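What the coordinates show
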Amino acid sequence: MPISENMVQEIVQEVMAKMQIADAPAGKHGVFKDMNDAIEAAKKAQLVVKTMSMDQREKIITCIRKKIKENAEVLARMGVEETGMGNVGDKILKHHLVADKTPGTEDITTTAWSGDRGLTLIEMGPFGVIGAITPCTNPSETVLCNTMGMLAGGNTVVFNPHPAAVKTSIYAINLLNEASLESGGPDNIAVTVEKPTLETSNIMMKHKDIHLIAATGGPGVVTAVLSSGKRGIGAGAGTRRHWLMILLISVRQLRIS
């Protein structure tokens with residue numbers, strides 16, 4: 001049977017995915033050996049992100065969307081190769097869905113009104129550094145979707161990905177930071193550790209600089225986050241896309257008499 005151009009392209013993408021799986025995570029943007037170091041790096045990046053204009057944040061998000069589309073097949077193949085779950089075609093579609101449909105800064109609005117009791121101004125502001133626990137199902141899709149929504153609100157993210165999907169997650173985190181740097185933003189808008197474990201998850205959830213925890217996963221993970229004593233958002237993998245964007249922004253109300 002003659003070899004078509006599509007067959008060649010498919011083989012190339014599969015080889016690229018396997019090469020990325022085989023690569024060591026050290027040295028990539030946003031990847032640290034120690035969870036405390038990762039959180040500190042995200043904290044420094046957030047000091048920059050929170051001062052950026054909406055247009056600057058949207059510029060980074062636009063670049064992220066572009067990179068997701070360019071890497072959709074590699075990310076899809078990596079996810080299947082590493083976790084053994086799902087199929088490449090569906091995962092390619094999911095990455096394009098994340099790129100096209102994840103809301104950005106357009107969901108962040110300011111409301112003001114006046115009356116007999118003065119002026120009321122409601123602004124949406126960042127939580128700061130958000131801790132996120134992600135699953136082995138759709139690992140890169142979750143990392144990418146979460147970061148775009150969180151970054152739009154002026155936050156940075158510390159991920160503790162599922163150990164069974166760590167290399168795919170790291171690839172996505174590296175992609176996010178490359179997009180930020182290429183768009184004039186800081187490195188470490190999204191960070192993680194080389195070897196995520198239950199211990200690194202506990203460090204993240206208890207750390208003083210983590211102001212909100214978001215978890216996508218099974219009932220055990222969600223319950224742990226919601227009972228952590230911090231603000232938390234937990235959802236199963238099938239519901240994450242629509243709850244994330246609005247809720248990952250704190251609301252400050254200023255009343256002027």
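What you are looking at is a predicted structure, and each value in this text was computed from that prediction instead of being measured. (Residues numbered from 1 in each chain as written. Predicted model: local features only at pLDDT ≥ 70, side-chain atom pairs only at ≥ 80, totals over all residues. Heavy atoms only, no water.)

**Some words on the packing of helix H3 (residues 54–70) against helix H6 (residues 139–152)**
- The N-to-C vectors of H3 and H6 enclose an angle of 170°; their axes lie 9 Å apart at closest approach. Considering the angle they form, H3 stands roughly antiparallel to H6. For the pair H3 and H6, the contacting residues are Met-54, Arg-57, Ile-60, Ile-61, Ile-64, Arg-65 and Ile-68 in the first and Leu-144, Met-148, Leu-151 and Ala-152 in the second.
- Of the residues assigned to the contact of H3 with H6, the class counts are nine nonpolar, no polar and two charged. (Axes fitted to C-alpha atoms, helices over the stretch in contact; angles between N-to-C directions. Helix = DSSP H or I, 4+ residues; strand = E, 2+ residues; numbered from the N terminus. Parallel < 35°, antiparallel > 145°, perpendicular 65-115°, else oblique. Contact = heavy atoms within 4.5 Å. Nonpolar A, V, L, I, M, F, W, Y, C, P; charged D, E, K, R; others polar.)

**Concerning the packing of H6 against helix H7 (residues 166–182)**
- Two elements in contact, H6 and H7, have axes separated by 8 Å at closest approach and are oriented at 30°. Judged on the interaxial angle alone, H7 and H6 are roughly parallel. Crossing hand, H6 versus H7: right-handed. Facing H6, whose interface residues are Pro-139, Ser-140, Val-143, Leu-144 and Thr-147, H7 presents Thr-168, Ser-169, Ala-172, Ile-173, Leu-175 and Leu-176.
- Here the contact of H6 with H7 is built from residues that sort into seven nonpolar, four polar and no charged. (Left-handed = near helix turned anticlockwise from the far one by under 90°.)

**Let's talk about H7**
- For H7, built from 17 residues, the straight-helix expectation of 24 Å at 1.5 Å per residue is met to within 8% by its first-to-last C-alpha distance of 24 Å.
- Judged by how many residues are buried, H7 sits mostly within the fold: 13 of 17 residues are covered.
- Positive backbone phi, approximately 90°, marks Gly-184, located one or two places after H7. (Expected span 1.5 Å × (residues − 1). Buried < 20%, exposed > 50% of the residue type's maximum accessible area, 1.4 Å probe, protein only.)

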